[in-house]
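Residues per chain, in single letters:
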Amino acid sequence: MAQRADQYDDNQRSYRTYWDGRGYEHDAEVAALRRLLAGRHFGHAADVGGGYGRLVPVLREFADRVTLLDSSRRQLDDAEEYLAGLAGVSMRLTTVSGLGLHSGSVDLVTMVRVMHHLPDPAPALAEIARVLRPGGTAVVESANLAHAANRLRYAARRRRVPLEPVDIRSAANRERESIPFVNHHPRTVAAQLEAAGLRVQQRLSVSNLRSTRLKRVVSRGTLVRAEEALQRPLARVTFGPSIFFLVRKAA
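Before going further, it helps to examine the overall build of the protein. Looking only at helices and strands, one finds 10 helices and nine strands in the protein. Radius of gyration (C-alpha) of the protein: 17 Å, near the 18 Å computed for a compact globule of 251 residues. Taken over the C-alpha atoms alone, the protein extends approximately 50 × 45 × 40 Å along its principal axes. Taken over 251 residues, the protein has a buried fraction of 50%. Of the contacts formed within the protein by residues at least 6 apart in sequence, a portion of 72% connects residues at least 24 apart. Roughly 11,900 Å² of accessible area belongs to the protein as shown, and the carbon and sulfur atoms make up 49% of that amount. Separation of charge centres in the protein, based on 38 positive and 26 negative side chains, amounts to 8 Å.

For the rest of this paragraph, the subject is the nonpolar core. Counting residues in hydrophobic clusters, the biggest one holds 30 residues, and the most contacted among them are Leu33, Leu37, Val139 and Phe244. If you list the elements that add at least two residues to this core, you get α2 (23-37), β1 (42-48), α3 (56-60), β2 (63-70), α4 (73-82), β8 (198-206), α10 (220-235) and β9 (242-249). Sort the elements by how many residues they give to this core and α2 lands first, with seven residues. Leaving out residues up to four positions away in the same chain, Phe244 has contacts with Glu29, Ala32, Leu33, Leu36, Val112, Val139, Val140, Glu141, Gln202, Arg203, Leu204 and Val206.

This part takes up the pairing of β1. Summarising burial for β1: six of the seven residues are buried, a large majority. One ladder, built from six bridges, connects β1 with β2; its direction is parallel. Its bridge partner being in β2, Val48 is matched across the sheet by Leu69.

The rules behind these values
Residues numbered from 1 in each chain as written. Predicted model: local features only at pLDDT ≥ 70, side-chain atom pairs only at ≥ 80, totals over all residues. Heavy atoms only, no water. Helix = DSSP H or I, 4+ residues; strand = E, 2+ residues; numbered from the N terminus. Rg over C-alpha atoms; globule rule 2.2 N^0.38 Å. Buried < 20%, exposed > 50% of the residue type's maximum accessible area, 1.4 Å probe, protein only. Contact = heavy atoms within 4.5 Å. Areas by Shrake-Rupley, 256 points an atom, 1.4 Å probe, with all protein chains shown as cover. Lys, Arg positive; Asp, Glu negative; His and termini not counted. Charge placed at Lys NZ, Arg CZ, Asp CG, Glu CD. Core = buried A, V, L, I, M, F, W, Y, C linked by side-chain atoms within 4.5 Å. Pairing = 2+ DSSP bridges.

Right, here's the structure in full:
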């Protein structure tokens, strides 16, 4: 869904393999989605930049049908295999700033692990607001520039965490103009959501225990149980590397 979507079309690369060894991170995001959507049911959900459909089975728990949207043909080809046999799912090759859906036609939109590819997310957020029906719901995830460890790093340099997005690519990747990879300040994201007409209802801090060392010595199940207990209280201090925003479009 980013400007360099062609990088996800490389037949030598598969986003599915990226998740090898990242079971805790996947489970943390699934837990966040289920917490935010608990007790709700939707007719039509759209997963923006959903890649190979990693979260589509979760969305089907809450929606009668799900449209998977992505700008990479390779990703959608992988989704055909990954989601084979799952009813109520359609797919569309599209861009984040032009989703190709009718205005007001979607009850729920999710956009997870996409914002970090968007130095300026305003067009994408406006498009989400456009396709949502009045009173519709969205879950938007953002890589958190103001997470606890980063705040300590900035404090050690006697600097404030910037409100503008920060490019975290290596110098080599910037030189070859690789796909953008930025972290956003939650305060700025909240303001951008509001500007798009999407009012923040709830936030969760996600992947709070992301640590290679912890994953070596603590079982995945134990980590996920602790994660579930921490997501809501740690949201108050934007602790984790990922923030999930539950938002609602005005009725």
